[in-house]
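# Architecture at a glance
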Amino acid sequence: MKNLIATLAIGGVAVLGVTGGVYGQSGPPFGQAEDTDYAAKLWSVMEEMGLAGVTGENVIRGFPYEGIEPHGFVLDTLYATATIDGHSGALVVKRNYGPEGVSVEEVQADAAGHLAALTVMFKREDGYDDENRNWFWAKYLPDGSLDKNPAGVELAGRVVKGNAEAGCIACHASAGDDMLYTTDHIQ
Ligand code: HEC
């Protein structure tokens, strides 16, 4: 029952977010300086952990498999726990390979040559975004810079909270309560 009440409360907040519509003067809930700063810290931690690229001495290799859009045609997904500013949380790194039509074999032979982007979910502290399981979302290019949406806003933070039709959050909402498609092992 406690869970049910919590779920109802979450639903209520989500509806408010959607009807709130326009983000107002504070801008969108992603791509702000605090988001991009945090994304830079996350990238450094990923580098230290061997999760950022596909080359280098300490790199952790995933097992590439055939993917679907929007993430890419071949993917690998890695699960870890990371610590940023004293907070430890689940980290999921998805390496997205292209271009269209690339095969798993081609990616295995030359991962660096086919790496197109890294999409990342990191579980932040309680209160960061309770309605959406406190995930921090980011999309990096292979050099560690952030990819941008068509409006030129960098993709880091709560992408796109309050918009039921666009962005990481809207799509991942259909993956269930944990917002994860590939696993039920992280809460
Ligand atoms: C249109 C739907 C859609 C959008 C938009 C989307 N994703 Fe995903 N995402 C998926 C699907 C489907 C999977 C499972 C793919 C697979 O088989 O690996 C996935 C998997 C992932 C995973 C692996 C963890 C998991 O859920 O299994 C991460 C990390 C991820 N996405 C991050 C992002 C980020 C960051 C964004 C925004 C920049 C984003 N996604 C936008 C559909 C989407």
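As named in an unreviewed UniProt entry, the protein chain is Cytochrome P460 domain-containing protein, taken from Oricola cellulosilytica.

The coordination sphere of the iron atom of the ligand contains the protein donors His71 (NE2) and His172 (NE2), at a distance range of 1.9 to 2.1 Å. Angles of 85 to 179° at the metal separate the six donor atoms of the iron atom of the ligand, which places the site in the octahedral class. Linking histidine 71 in the loop between β1 (65-66) and β2 (74-84) with histidine 172 in helix α5 (residues 167-172), this pair joins segments that are 101 residues apart in sequence. With relative accessibility at 24%, the residue histidine 71 sits in the partly exposed group.

In a regular helix each residue adds 1.5 Å, so 17 residues correspond to 24 Å; helix α2 (residues 33-49) covers 24 Å between its end C-alpha atoms and thus fits that length. Every buried residue belonging to α2 is among Asp35, Thr36, Tyr38, Ala39, Leu42, Trp43, Val45 and Met46, and all of these are buried. Taken together, the buried residues of α2 touch β2, β3 (87-97), β4 (115-123), β5 (135-140) and β6 (156-157). Of the residues trailing α2, glycine 50 is marked for its positive phi of about 75°.

The strand order β1-β2-β3-β4-β5-β6 describes an open sheet built from six strands, whose pairing is antiparallel. Here the strands that pair on one side only, and so sit at the sheet edges, are β1 and β6. As judged from the two bridges shared by β1 and β2, these two strands associate in the antiparallel manner. Of the residues in β2, the one forming a bridge with tyrosine 65 is leucine 75. Those strands touched by α2 are β2, β3, β4, β5 and β6, and its axis lies near 105° from that of β2.

What counts, and where the lines are drawn
- Throughout this description, residue numbers start from 1 for each chain and increase along the sequence as written.
- Given that the model is predicted, a residue must reach a pLDDT of at least 70 before its local features are reported, and side-chain atom pairs must reach 80 or more before they are shown or counted; all residues, however, enter totals for whole chains, interfaces and linings.
- The basis for every side-chain value is the complete set of heavy atoms in the structure, and neither hydrogens nor water enter the calculation.
- Coordinating N, O and S atoms are those within 2.8 Å of the metal (3.2 Å for Na, K and Ca), and as water is not part of the atoms, a site may appear to have fewer donors than expected.
- A site with four donors is called tetrahedral when every donor-metal-donor angle falls between 85 and 135 degrees; four donors are called square planar, and six octahedral, when opposite donors sit more than 155 degrees apart and all other angles fall between 65 and 115; any other arrangement is irregular.
- Counting from the N terminus, the helices are the DSSP runs of H or I reaching at least four residues and the strands are the DSSP runs of E reaching at least two.
- Whether a residue is buried, partly exposed or exposed follows from its accessible area with a 1.4 Å probe, protein chains only, as a fraction of its type maximum: under 20%, in between, or over 50%, in that order.
- One fewer than the residue count of a helix, multiplied by 1.5 Å, yields its expected span.
- Two residues qualify as a contact provided that any one of their heavy atoms is within 4.5 Å of a heavy atom in the partner residue.
- Note on pairing: two strands pair once DSSP finds at least 2 bridges between them.
- To get an axis, fit a line to the C-alpha atoms, keeping to the stretch in contact for a helix; angles then go from 0 to 180 degrees between the N-to-C directions.

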